[in-house]
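Okay, here's what each chain looks like letter by letter:
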Number of protein chains: 2
Amino acid sequence: MTNRSTLIFDTLAVDRSLELPLHRQLYELLRSYILGGRLAAGSSLPATRSLATHLGVGRNTVVAAYEQLLAEGYLEAGPGSGTWVAPMLQRAAEQRGRAAAPAAPRISRRGTVLASRPQPARQPSTINLHPGFPDTASFPFAGWARLLARNAQRRTADLFDYYRFAGHPALREAIADYLRVARGVDCSPEQIVVVTGAQAGLDLVARIVTDEGDVAWMEEPGYLGARSALLGSGARLAPLRCHRQGWGLADAGLPPPRLIYVTPSCQWPLGTIMRMEERLQLLEIAERHDAWIIEDDYDGEYRFRGRPAPAMQGLDHAGRVIYIGTFGKTLFQSLRLGFLVVPTALADTFNRAVSVTGQFAPLLLQVTLADFIRQGHFASHLKRMRRLYARRQERFVELCRQQLGPWMTVDANDSGIQLLGRFTRPLDDQQVAAAALAQGVDVQPVSINYHHDVPEHGLLLGYAGLDERQTVAAIAALQAAFRSLDAA
Amino acid sequence: MTNRSTLIFDTLAVDRSLELPLHRQLYELLRSYILGGRLAAGSSLPATRSLATHLGVGRNTVVAAYEQLLAEGYLEAGPGSGTWVAPMLQRAAEQRGRAAAPAAPRISRRGTVLASRPQPARQPSTINLHPGFPDTASFPFAGWARLLARNAQRRTADLFDYYRFAGHPALREAIADYLRVARGVDCSPEQIVVVTGAQAGLDLVARIVTDEGDVAWMEEPGYLGARSALLGSGARLAPLRCHRQGWGLADAGLPPPRLIYVTPSCQWPLGTIMRMEERLQLLEIAERHDAWIIEDDYDGEYRFRGRPAPAMQGLDHAGRVIYIGTFGKTLFQSLRLGFLVVPTALADTFNRAVSVTGQFAPLLLQVTLADFIRQGHFASHLKRMRRLYARRQERFVELCRQQLGPWMTVDANDSGIQLLGRFTRPLDDQQVAAAALAQGVDVQPVSINYHHDVPEHGLLLGYAGLDERQTVAAIAALQAAFRSLDAA
């Protein structure tokens, strides 16, 4: 034993008040000394008996710690020659000495793309005006918790084994039934693929139908999350231009598509509903080009005058439409349950592929949601929410007119749980969002939904989740934000 | 009205006993007649008054149904000229007439790869001998359900908004603490990325660190799910050959890697534990090539003699190791919760990228699991399971020796919740698995884990989830399966 290591061993101590067994404490200490370089590679350890005396523990404690470290290769021992730190740990110690992580970690081009366009995150402790958030206060949590607790104690095999990665039969059936009646979707349970949210669905579809370089028509402006998923899959985007009047399907400049992404029930972010002739034209285009259509029906349930327009999928007799739905806008986002309705010809492909991408959903949440739908809670919640959101939208528009008129126009819309606010003077919406955040309101600039064209600036306002008090506060804060920019 | 359509309208009827409003019933019927082609494009509809009389309903009912169909573009009307089916629906009807889906739907090369190597699915109503399944009967469901129900009623903002897509702070902290103590992983909560299971983690890492054509060293034999994720990302696989003696790290023929996939705590499927000198050598290789290592610690918690060997990640001072863990093997698989520990330099990249791939997990399950860990349930469950599995493994090996000796050798193993059964005579393991299934036992052939080399044949036996009765029955069924093949 050298002097240096004697000094080091003097610093060793165990603590009898801890729950961790003494031999385990000693093991952890010695291991951290070795990995941290305090005990150099090749240096000797004290005899078990003398270390035991120093620590005031039984010799077996030291023996157990040494044995574990020997078994794991941190220590070596020879007959009659004591115990020493494994010389091969030299390199680990050297590495430790040098700089830690590589300066610019090498990630893939694809990884760079995926990380470059993240979904907007929420800021804590602010009023949430982000689009796409339903009202959570009105959600029937007590009933939901009861169903959850009951299912969490069921021990039947269907809850523990995956027979079909595409989803639990009870939920696939409940979704198919619901979609047939409420959304005019023409499907059987076998066509349903339950996934961990609509974003997972977009990522999955993009990967299964496009290869790197394939052309995807993407709405312009269009939903950021869909565009990110398409770019992440390596697709080349062609802008399918959208206006308040409709979709630019006659645009001669578009290259033949492999995939077409649309939001016919409520164009994101403009709020337009696709007309029947546009729907039929789009289906014809898809068939002509042997292309797929993603119908993102993220918000289809919410229409305030008359009943919701049926999904385009119901018009598709050629098996071209892949429908994406989510419970994030009807129940709550953090539930992470969405689904696809895929043409029958693709059902098996998706079932198999999702087992590899890991985007299939927890069975407990699936069966609980199936119960929630079957027992009628889902339909009655939706009905209540439609009435609530109609009232809230009216009030929100009224307050915006009264207080934000000089800066922004907010028109009522027949569908959707967010509204587009258009600036009436030249303002940068990122700056407005930053100013709003400083006033305690978290809001989304609409320009993030533009990719090819010079963006329109404005705000995409999620009015649905706010009660009267929050609505009043949010709009006052927006007014203060606009004023602060005027003053600057 | 033509004769033909008169006949069609005669078939219309509404049912007052249904909950669906009458105008809604009529709307659905007419829409389905139009889409199904029974009402041809351009054909006239009866006057509202005469149809109302025929149906025995108020005229307003018919008016409401017609108005909805007009609004949605299924019908058209002219002043004084009645109402007719929109002529543009001609095409939809024509499509309907022709064959439905395309014969061979065009999916991407990547989609073909993803769908070509699915995770093995379980067969219902069989004894589950698949590897990787923990015992679910011993899981403390009552306590788990209580925690779930409590959290399901919490309405705090942290449960509804995603502030960080990489996971809820409480769970990231609980996992980091657990890993430091139990697995020797050197990490802070910011390095944890909670994902929807280990498979999602593999898919995510493969995509973020490799581009199409990049070389990945993959264990041979090696875990099917990891190989599928790597192939799905477009990586070129180089076989890192594994034997009972260890890892073939000195293989001169391997091209420089971008990524190296290993299972050091318990090689899948061989069960070998990686020696210290191999761990250090691997870290050195990764640094030399500016490559990443995936350490898949799917089973690291289960070691039966002595405490589990610490993870390789703790030896990595150069920030090269991406650690993957799962609660699927310690709690239950259908929970769909796994996690990554990424080097600090990659933490932000992963947080952003996972928001696009949709592989982040439901917050309710995250906070419930955080409680479960914090309150000590996780540690005590693991402790109980380690003892239970040690006993079960011993018994399983004993029964195999007694009853399956002529066909298969099953050696005890110090780690893991599955055992490799090696055939002692030339048998095709796919045939054995099929014969076992006929006897009511669902078992996995080990050959599916080979990719480059001529596979060894045998069975990967998940003994951990079976009680005494099921174990006896499973082994008797395997014996019967072997006998049936001998007789054939």
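Keep in mind that what you see is a predicted model, and the values were worked out from it rather than measured. (Residues numbered from 1 in each chain as written. Chains lettered and ligands numbered in written order. Predicted model: local features only at pLDDT ≥ 70, side-chain atom pairs only at ≥ 80, totals over all residues. Heavy atoms only, no water.)

(A) Looking closely at the overall build of chain A. Within chain A one finds 16 helices and 16 strands. Expected size for 488 residues packed as a compact globule is a radius of gyration near 23 Å; at 30 Å, chain A overshoots this value by more than 25%. Here the C-alpha coordinates of chain A stretch approximately 90 × 60 × 50 Å along the principal axes. Counting only residues that meet the buried cut, chain A has 61% of its 488 residues in that class. Just so you have it, chain A exposes about 17,600 Å², and 52% of that area is on carbon and sulfur atoms. Here chain A carries 52 positive and 47 negative side-chain charges, and the mean point of each set is 4 Å from the other. (Helix = DSSP H or I, 4+ residues; strand = E, 2+ residues; numbered from the N terminus. Rg over C-alpha atoms; globule rule 2.2 N^0.38 Å. Buried < 20%, exposed > 50% of the residue type's maximum accessible area, 1.4 Å probe, protein only. Areas by Shrake-Rupley, 256 points an atom, 1.4 Å probe, with all protein chains shown as cover. Lys, Arg positive; Asp, Glu negative; His and termini not counted. Charge placed at Lys NZ, Arg CZ, Asp CG, Glu CD.)

(B) Broad picture of the sheet that holds strand β10 (residues 321–326) of chain A. Residue and element names in this part refer to chain A. Taken in spatial order, the 8 strands of this open sheet run β4-β11-β10-β9-β8-β5-β6-β7, and their pairing is mixed. The open sheet is flanked by β4 (192–195) and β7 (246–247), the only strands paired with a single partner. Note that β4 and strand β11 (residues 338–341) share 4 bridges and pair antiparallel. Bridge pairing in β11 links Val195 to Gly338. Packed onto the sheet, helix α9 (residues 198–209) meets β4, β8 (259–262), β9 (292–296), β10 and β11 and runs at close to 160° relative to β10. (Pairing = 2+ DSSP bridges. Contact = heavy atoms within 4.5 Å. Axes fitted to C-alpha atoms, helices over the stretch in contact; angles between N-to-C directions.)

(C) Region of the structure containing the interface of chain B and chain A. Of the residues lining the interface, 117 residues belong to chain B; the matching set on chain A comes to 118 residues. Taken together, chain B and chain A are joined by 8 salt bridges. With a closest N to O distance of 3.9 Å, Asp290 of chain A and Arg106 of chain B form a salt bridge. Our count for the contact surface shared by chain B and chain A stands at 44 residue pairs in polar contact (both at pLDDT 80 or more). Sorting elements by how many residues they give to the side of chain B that touches chain A places helix α7 (residues 141–153) of chain B first, with 8 residues. Tallied by class, residues from the side of chain B that touches chain A come to 61 nonpolar, 28 polar and 28 charged. (Salt bridge = Lys/Arg side-chain N within 4 Å of Asp/Glu carboxyl O. Polar contact = N/O pair within 3.5 Å; in protein donor to acceptor, adjacent residues only side chain to side chain. Nonpolar A, V, L, I, M, F, W, Y, C, P; charged D, E, K, R; others polar.)

(D) Summary view of the pairing of strand β8 (residues 259–262) of chain B. All names here are of chain B. Burial of β8 is two-sided: the residues Leu259 and Tyr261 facing one way and the residues Ile260 and Val262 facing the other way are all buried. Pairing of strand β5 (residues 215–220) with β8 involves 3 bridges; the strand directions are parallel. Note on β8: the bridge partner recorded for Trp217 is Ile260. In terms of strand pairing, β8 meets strand β9 (residues 292–296) through 4 bridges, oriented parallel. Opposite Tyr261, over in β9, you have Ile294 as the bridge partner.

(E) Seen up close, the packing of aromatic side chains. Applying the stated rule across the entire model yields 44 aromatic pairs over all chains. Consider the rings of Phe139 of chain A and Phe332 of chain A, whose centres lie 5.2 Å apart with planes at 85°: the pair is edge-to-face. Placement of the pair is Phe139 of chain A in the loop between β3 (127–128) and α7 (141–152) and Phe332 of chain A in the loop between β10 and β11, with a sequence separation of 193 residues. When sorted by exposure, Phe139 of chain A lands in the same class as Phe332 of chain A, which is buried. Ring geometry for Tyr162 of chain B versus Phe165 of chain B: centroids 5.9 Å apart, planes at 10°, classification stacked. An identical accessibility class is assigned to Tyr162 of chain B and Phe165 of chain B; each is buried. A network of ring pairs unites the aromatic residues Phe139, Phe141, Trp144, Phe332 and Phe372 of chain A together with Phe160 of chain B as a single cluster. The ring of Trp292 of chain A has Arg320 of chain A sitting right over it, with the charged end atom 5.5 Å from the ring centre. (Phe/Tyr/Trp six-rings, centres within 6.5 Å; stacked < 30°, edge-to-face > 60°. Lys NZ or Arg CZ within 6 Å of the ring centre and 35° of its normal.)

(F) Layout of the domain arrangement of chain A. The domains assigned to chain A are domain 1 (3–98), domain 2 (139–375) and domain 3 (380–487). One C-alpha centre belongs to domain 1 of chain A, the other to domain 2 of chain A; they are set 57 Å apart. (Domains from an automatic or database assignment.)

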